[in-house]
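Summary of the model geometry
Take a look at the letters that make up each chain.
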Amino acid sequence: MADVADFRLDLTRPGFYLRPDYFEVLADLRAQAPVLRTLDGSWAVSRYDDIRSISRDPSASCRGAAC
């Protein structure tokens, strides 16, 4: 298991989703940091129940510079 503190996630980089260890990265995120601030300032949410909860509550998310 990799230490997520060493992750420098940039979800805007097209190659991120094609990396060979993509599924291992997701597993490590779910285990160690299910909600993680990424390099571009966005949030990576990796657990299904968290994603489902956020998607059902518009006040839990925001867009743009106001976030």
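For every chain, the first residue of its written sequence is number 1, and the numbers climb from 1 along that sequence. Whole-chain, interface and lining totals are the exception, using all residues; otherwise, since this is a predicted model, local features are given only for residues with pLDDT of at least 70 and side-chain atom pairs are given and counted only at 80 or more. Computation of side-chain values covers all heavy atoms of the structure but excludes hydrogens and water.

Section: helix H1 (residues 22-32)
Each α-helix turn comprises 3.6 residues. Residues three or four places apart therefore point the same way. Buried within H1 are the following residues: Tyr22, Val25, Leu26, Asp28 and Leu29. Burial along H1 is one-sided: seen end-on, the buried residues are contained in an arc of 160°. Contacts made by the buried residues of H1 are with strand E1 (35-37). Only protein chains enter the calculation, and the probe is 1.4 Å; a residue is then buried if its accessible area is under 20% of its type maximum, exposed if over 50%, and partly exposed in between. A run of H or I in DSSP becomes a helix once it reaches four residues, and a run of E becomes a strand once it reaches two; helices and strands are each numbered from the N terminus. The arc in question is formed by the directions pointing from the helix axis toward the C-beta atoms. Only heavy atoms matter for contacts: two residues are in contact if any of them lie within 4.5 Å across the pair.

Digging into the environment of Asp28
Structurally, Asp28 can be placed in helix H1. Under the relative-accessibility criterion, Asp28 is labelled buried at 10%.

Considering the nonpolar core
Soluble globular proteins tend to pack their nonpolar side chains together in the buried interior. If you look at the biggest cluster of nonpolar residues, it comprises nine residues: Phe7, Leu9, Phe16, Tyr22, Val25, Leu26, Leu29, Ala33 and Leu36. In terms of residues, this core owes the most to one element, H1, which gives four residues. Residue types Ala, Val, Leu, Ile, Met, Phe, Trp, Tyr and Cys, when buried and joined through side-chain atoms within 4.5 Å, form a set referred to as a nonpolar core.

Details of the packing of aromatic side chains
Between rings of Phe, Tyr and Trp, where Trp is taken as its six-membered ring, a pair exists when centres lie within 6.5 Å; planes separated by under 30 degrees are stacked, by over 60 edge-to-face, and by other angles tilted. Applying the stated criterion across every chain, the model contains four aromatic pairs. Both rings, one in Phe16 and one in Tyr17, keep their centres 5.1 Å apart while their planes meet at 85°; by these two values the pair is edge-to-face. You can call Phe16 buried: its relative accessible area is 2%. Ring plane angle 80° and centroid distance 5.8 Å describe the contact between Phe16 and Tyr22, whose orientation is recorded as edge-to-face. Tyr22 sits in the buried class, given a relative accessible area of 18%.

Shape descriptors only; they carry no functional weight alone.
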